[in-house]
Amino acid sequence: QVQLVESGGGLVQAGGSLTLSCVASGRTFSDYTMAWFRQAPGKEREFVANIWWTGRSTHYANSVKGRFTISRKNAKNTVFLQMNRLKPEDTAHYYCAADHRGDSNRAPTYDVWGQGTQVTVSS
């Protein structure tokens, strides 16, 4: 099983960009569908984006489509979330998650989670 460590969060002005990274330990990273979820205070955790273990399919929440891009580098056991044109409503704690050979965007199907990284977008 992999372990996940996120980085790259911070404070940014609306319209700005951030890139989140998630590094996985373990030797079978390429077998995992990787996803980003986020949770704002007082709200439920929500799906942001995922990239399947095959690497050929990505999916995005409607709220981030066209602004965020998920990618992975299996040789570096890393998944990225490039976030552009950030909005105050993107403010949340962002979590990286892994699902072995999965194809879902539902949080309960992901059995490995990182501790998360905070993203704050000021208006």
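Keep in mind that this is a model prediction, so the values were computed, not measured. The residue count restarts for each chain, going from 1 along the sequence in the order it is written. Side-chain atom pairs in this predicted model are given and counted only at pLDDT of 80 or more, local residue features only at pLDDT of at least 70, and totals for whole chains, interfaces and linings cover all residues. Only heavy atoms go into the side-chain values, all of them from the structure, while hydrogens and water stay out.

Salt bridges are defined as contacts in which a side-chain nitrogen from Lys or Arg sits within 4 Å of a carboxyl oxygen from Asp or Glu. The tally for this structure, following the rule as stated, stands at 4 salt bridges. For Asp31, the salt bridge is made with Arg101, and the minimal N-O distance between the two is 3.6 Å. Of this pair, Asp31 sits in the loop between strand E3 (18–24) and strand E4 (32–39) while Arg101 is found in the loop between strand E9 (92–100) and strand E10 (112–113), placing the two residues 70 residues apart along the sequence. As a salt-bridge pair, Asp90 and Arg67 come within 2.7 Å of each other at their nearest N and O atoms. Of the two residues, Asp90 is situated in the loop between strand E8 (78–83) and E9 and Arg67 in the loop between strand E6 (58–60) and strand E7 (68–73); the sequence distance between them amounts to 23 residues. The pair Asp90 / Arg67 is uniform in exposure class, with both members buried. Only DSSP runs of H or I reaching four residues or more are called helices, and only runs of E reaching two or more are called strands; each is numbered from the N terminus. Throughout, exposure labels follow a simple rule: accessible area from a 1.4 Å probe, protein chains only, divided by the maximum for the residue type, with under 20% read as buried, over 50% as exposed, and the rest as partly exposed.

Moving on: the environment of Arg27. Structurally, Arg27 is set in the loop between E3 and E4. Its relative accessible area of 84% is what places Arg27 among the exposed residues. Arg27 sits 17 residues away from Glu44 along the chain, and the two C-alpha atoms are 32 Å apart.

A few words now on the pairing of strand E5 (residues 46–51). Burial analysis of E5 places 5 of its 6 residues in the buried class, which makes it a mostly covered element. We treat two strands as partners when DSSP finds at least two bridges between them. Taken together, the 5 bridges between E4 and E5 define a ladder with antiparallel strand orientation. For Phe37, the partnering residue across the bridge sits in E5 and is Phe47. Hairpin geometry of E4 and E5 is characterised by an intervening segment of 6 residues between the two adjacent antiparallel strands and by a positive phi of about 80° at Gly42. Judged from the 3 bridges that link them, E5 and E6 form a sheet pairing that is antiparallel. In the sheet register, Ile51 faces E6, and the bridge partner there is Thr58. Counted along the chain from E5 to the antiparallel partner E6, the turn is 6 residues long, and its residue Gly55 has a positive phi close to 80°.

Two aromatic rings, taken as a pair, are described by how far apart their centres are and by the angle between their planes. Here a pair means two rings of Phe, Tyr or Trp (six-membered ring of Trp) with centres within 6.5 Å. Their orientation is stacked below 30 degrees between planes, edge-to-face above 60, and tilted elsewhere. The full count for this structure, using the stated rule, is 4 aromatic pairs. Between Phe37 and Tyr110 the ring centres are 5.3 Å apart and the planes differ by 75°, which places this aromatic pair in the edge-to-face class. With Phe37 in strand E4 and Tyr110 in the loop between E9 and E10, the pair connects residues that are 73 residues apart, well separated along the chain. Note on accessibility: Phe37 and Tyr110 belong to one class, buried.

Looking at the element boundaries, Thr117 is found in strand E11 (residues 117–122). Here a polar contact is recorded for every N or O atom pair within 3.5 Å, except that within protein the pair must consist of a potential hydrogen donor and a potential acceptor, and residues adjacent in sequence are included only if both atoms are side-chain atoms. Polar contacts involving the side chain of Thr117 include one to the main-chain amide nitrogen of Gly9, which spans 3.1 Å. Setting aside residues no more than four positions away along its own chain, Thr117 makes contact with Glu6, Ser7, Gly8, Gly9, Leu20, Ala92, His93 and Tyr94. Note on definitions: a residue-residue contact is assigned when non-hydrogen atoms from the two residues lie within 4.5 Å.

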